[in-house]
Amino acid sequence: MNDVSTDATLACRRLYWSALQDRWDHRTRQAAAWLADEAGVVDIGCGLMPLRDHLPAGTRYVPVDIVDRGPGTVLTDLNADPLPRFAERAAAMLGVVEYVTDLPRLFAQLRQFDRVVLSYNHASVQDVLWAMRLRRKEVIWLHRHGPARFARLLEDAGWHIARRHRVRVGEAMYDLRNSP
């Protein structure tokens with residue numbers, strides 16, 4: 001049996017990851033536009049920190065991740081540790097929520113911020129993933145909430161959804177404000 005991937009398989013994989021990068025860039029630019037008036041932004045699940053590059057010059061940027069992404073990274077495992085306290089009043093969470101086990105706990109801890117911009121892949125994206133021969137558990141997504149149930153989780157935690165933007169089929173971005 002030959003375990004070596006064919007050139008066609010490798011080309012498909014490259015195309016798939018390139019398409020994801022394009023979607024992630026669109027999502028990042030939208031989040032930065034929504035957060036452009038903020039003096040400082042905590043980027044929870046910062047990854048390679050693309051958000052930093054799209055925020056206006058002079059915006060305080062605080063990277064947070066489960067692994068060290070370089071100088072200034074605040075190390076936090078959202079599934080094990082409490083979210084540290086921050087002086088900044090705004091946060092972003094792009095491509096993170098799907099991997100957190102206890103969403104009500106997370107949404108309550110985010111209440112330290114006045115505003116949070118986050119993305120979420122709703123259960124409807126499952127159809128797209130199945131079409132690509134993947135399953136939610138194979139991409140380690142822990143939740144299967146549709147838009148209404150996800151909105152209810154946010155509202156139950158005291159968040160007001162100021163805006164919602166469809167990034168693509170199944171994925172939405174939320175601009176949340178802390179309800180008094």
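Cut-offs applied
Residues numbered from 1 in each chain as written. Predicted model: local features only at pLDDT ≥ 70, side-chain atom pairs only at ≥ 80, totals over all residues. Heavy atoms only, no water. Helix = DSSP H or I, 4+ residues; strand = E, 2+ residues; numbered from the N terminus. Buried < 20%, exposed > 50% of the residue type's maximum accessible area, 1.4 Å probe, protein only. Contact = heavy atoms within 4.5 Å. Pairing = 2+ DSSP bridges. Core = buried A, V, L, I, M, F, W, Y, C linked by side-chain atoms within 4.5 Å.

Q: Would you explain the environment of Glu171 in this entry?
A: Tracing the sequence through the fold places Glu171 in strand S7 (residues 171-178). In this structure Glu171 comes out as buried when scored by relative accessible area, which is 2%. For the pair Glu171 and Pro147, spaced 24 residues apart in sequence, the C-alpha separation works out to 9.4 Å. When near neighbours in sequence (up to four residues on either side) are disregarded, Glu171 contacts Arg27, Ser119, Tyr120, Asn121, His165 and Arg166.

Q: Sorry, what's going on with the pairing of S7 here?
A: Regular strands show a simple pattern: their side chains alternate between the two faces of the sheet. Among the eight residues of S7, six are classified as buried, and the element is accordingly described as predominantly covered. Relative to S7, strand S5 (residues 115-121) runs antiparallel, the two being bridged by seven bridges. Across the sheet, the residue bridging to Ser119 is Met173, located in S7.

Q: I'm lost on the nonpolar core in this one. Help?
A: The nonpolar side chains of a soluble globular protein tend to be buried with one another. Membership of the largest hydrophobic core comes to 28 residues, with the highest contact counts inside it found for Ile44, Met93, Phe107, Leu110, Phe113, Leu118 and Phe150. When residues of this core are traced back to their parent elements, those giving at least two are strand S1 (40-44), strand S2 (60-65), strand S4 (90-93), helix H3 (103-109), S5, helix H5 (147-156) and S7. Once you skip the residues sitting within four places of it in the chain, Leu118 turns out to touch Met93, Leu94, Val97, Phe107, Phe150, Leu154, Ala172, Met173, Tyr174 and Leu176.

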